[in-house]
Amino acid sequence: MKILHIDSNHALMIEQLAAAGHINHEDYTSSKEEIEAKIADYEGVVIRSRFKIDRQFLDAATNLRFIARVGAGLESIDIPYAESKGVHLIAAPEGNRNAVGEHALGMLLMLFNKLKQADAEVRNGQWNREKNRGLELEGKTVGLIGYGNMGNAFAKKLQGFDCEVLCYDIRPDLGNANARQVSLEKLQEKADVLSLHTPWTPLTDKMVDADFIKGFKKPFWLINTARGKSVVTADLVEALKSGKILGAGLDVLEYEKLSFENLFTDATQMPEPLKYLITAENVVLTPHIAGWTVESKIKLAQTIVDKILAMP
């Protein structure tokens, strides 16, 4: 097959696909319109998130057999329309699930132990021990919404901390030795920590809003390594101010662009809720890197190669 790569990835991808007899072309700079003008020449396309694969793109891709996204989700693709054209869709959540699990755990431990502010204070010559007294995970209840690859990976990391792990998912019978599946109501009743591991879909868009937050019986900590648009940031900020949310670890933000590459394109237009998050001591922010490790770059590429080579 002729395969067009429109985002750069680990070199092993092109090396292994070429060794299997496929023809690989790379174009990391052309506009979407320029790609559309030549996409009919290709049977496969490999992307990350440079632009949306919409109906216009798919109509131009008259010979396309597959789209492979080097990442966990397919939200940048018009999935129903692609499937209606018989295009095989490939993603690689297996490739970065371990990285996401470790990152989520790191964020949670950072929040519980006040590492962000303690580090800043010591660097500023302050030695505040009582102010920075931490919490332990032991005895707490961690609730996971979404129990696929990412949720499972985080639950696995939590083993050994002597905490209770609950999961909620729209699919039944997913619970295992690492997490007990419960109703959303039960999770909201018991959770001390909420961690999101859901794709961005109509069901999860703006899912964590004021009413959702009020549904929790206890004040809780929020970890989001999933998708930023699942959380209404203004409502999160109000809950942080009121103490209903005790702190937040956010690898993703509502304000991200599709490519996830650059949030601060115009700092003068920064929303007020984001300004609050940036200055809050009980908020940890990272730039959509939970699944972005040296190892996951290799694993993601290898997963995509394996799935392409397994196509009939």
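Calculation rules
- Residues numbered from 1 in each chain as written.
- Predicted model: local features only at pLDDT ≥ 70, side-chain atom pairs only at ≥ 80, totals over all residues.
- Heavy atoms only, no water.
- Helix = DSSP H or I, 4+ residues; strand = E, 2+ residues; numbered from the N terminus.
- Rg over C-alpha atoms; globule rule 2.2 N^0.38 Å.
- Buried < 20%, exposed > 50% of the residue type's maximum accessible area, 1.4 Å probe, protein only.
- Contact = heavy atoms within 4.5 Å.
- Areas by Shrake-Rupley, 256 points an atom, 1.4 Å probe, with all protein chains shown as cover.
- Lys, Arg positive; Asp, Glu negative; His and termini not counted.
- Charge placed at Lys NZ, Arg CZ, Asp CG, Glu CD.
- Expected span 1.5 Å × (residues − 1).
- 1 Å grid on protein atoms, 1.4 Å probe; cavity = no way out; pocket = protein on both sides within 12 Å on 5 of 7 lines; lining within 4 Å.
- Points joined across faces, edges and corners; volume = space filled by probe spheres on them.
- Nonpolar A, V, L, I, M, F, W, Y, C, P; charged D, E, K, R; others polar.
- Patch = residues over 30% accessible without salt bridge, like charges linked within 9 Å, V, L, I, M, F, W, Y side chains within 5 Å.
- Salt bridge = Lys/Arg side-chain N within 4 Å of Asp/Glu carboxyl O.
- Phe/Tyr/Trp six-rings, centres within 6.5 Å; stacked < 30°, edge-to-face > 60°.
- Polar contact = N/O pair within 3.5 Å; in protein donor to acceptor, adjacent residues only side chain to side chain.

Draft legend 1. Fine view of the overall build of the chain. What the chain contains, in helices and strands, is 12 helices and 12 strands. The C-alpha atoms of the chain give 21 Å as radius of gyration, which agrees with the globular expectation for 312 residues (20 Å, within 12%). Counting only C-alpha atoms, the chain reaches 65 × 45 × 35 Å along its principal axes. Relative to its 312 residues, the chain shows a buried fraction of 47%. Look at the contacts in the chain between residues 6 or more apart in sequence, and 61% of them connect residues 24 or more apart. Within the structure as shown, the chain displays about 15100 Å² of accessible surface, and the carbon and sulfur contribution to it stands at 53%. For the chain, the distance from the average position of its 37 positive side-chain charges to the average position of its 42 negative side-chain charges is 3 Å.

Draft legend 2. Focus on helix α12 (residues 294–309). The first and last C-alpha atoms of α12 sit 23 Å apart over 16 residues, in line with the 22 Å expected at 1.5 Å per residue. All buried positions along α12 are accounted for by S296, L300, A301, T303, I304, V305 and I308. Along its buried surface, α12 packs onto α1 (11–19), β3 (44–47), β4 (66–69), β5 (88–90) and α5 (93–112).

Draft legend 3. Inspection of empty space enclosed by the protein at higher detail. One pass over the full model with this rule turns up one cavity of 30 Å³ or more. Computed from the structure, the largest cavity encloses a volume of approximately 50 Å³. Looking at the largest cavity, the residues that line it are N224, G228, V231, T233, L236, L250, V252, L253, E254 and L277. Considering only residue class, the lining of the largest cavity consists of six nonpolar, three polar and one charged.

Draft legend 4. Seen up close, a nonpolar patch on the surface. The grouping of F264, I278 and L285 at the surface amounts to a nonpolar patch, some 250 Å² of accessible area in total. Turning to its location among the elements, L285 is positioned in strand β12 (residues 283–285). We classify L285 as partly exposed; its relative accessible area is 31%.

Draft legend 5. Looking closely at the packing of aromatic side chains. If you walk through the whole model with that rule in mind, you get four aromatic pairs. Where F112 meets W221, the ring centres are 5.2 Å apart and the plane angle is 55°; that geometry is what we call tilted. Of this pair, F112 sits in helix α5 while W221 sits in strand β10 (residues 220–224), placing them 109 residues apart in sequence. With respect to burial, F112 and W221 carry one shared label: buried. Note on F216 and F220: the rings are 4.1 Å apart at their centroids and 25° apart in plane angle, and the pair reads as stacked. Of the residues examined, F220 reaches a relative accessible area of 0% and is grouped as buried. Three or more aromatic residues link up through ring pairs in this structure, and these residues are F212, F216 and F220.

Draft legend 6. Up close: helix α7 (residues 149–158). What α7 keeps buried is the set M150, G151, A153, F154, A155 and L158. In this structure, the buried residues of α7 make contact with α5, β6 (141–145), β7 (164–168) and β9 (193–196). Once α7 finishes, G160 follows within two positions and takes phi at roughly 100°, a positive value.

Draft legend 7. Representation of the environment of V208 in the model. Looking at the element boundaries, V208 is found in the loop between β9 and α9 (210–214). Given a relative accessible area of 1%, V208 falls into the buried group. Apart from residues no more than four positions distant in its own chain, V208 is found in contact with L196, I213, S230, V231 and V232.

Draft legend 8. Fine view of the side chain of H22. One can find H22 in the loop between α1 and β2 (23–26). Among the polar contacts made by the side chain of H22, one reaches the main-chain amide nitrogen of M1 at a distance of 3.0 Å. The contact partners of H22, leaving out residues within four places of it in the chain, are M1, I3, L17 and L309.

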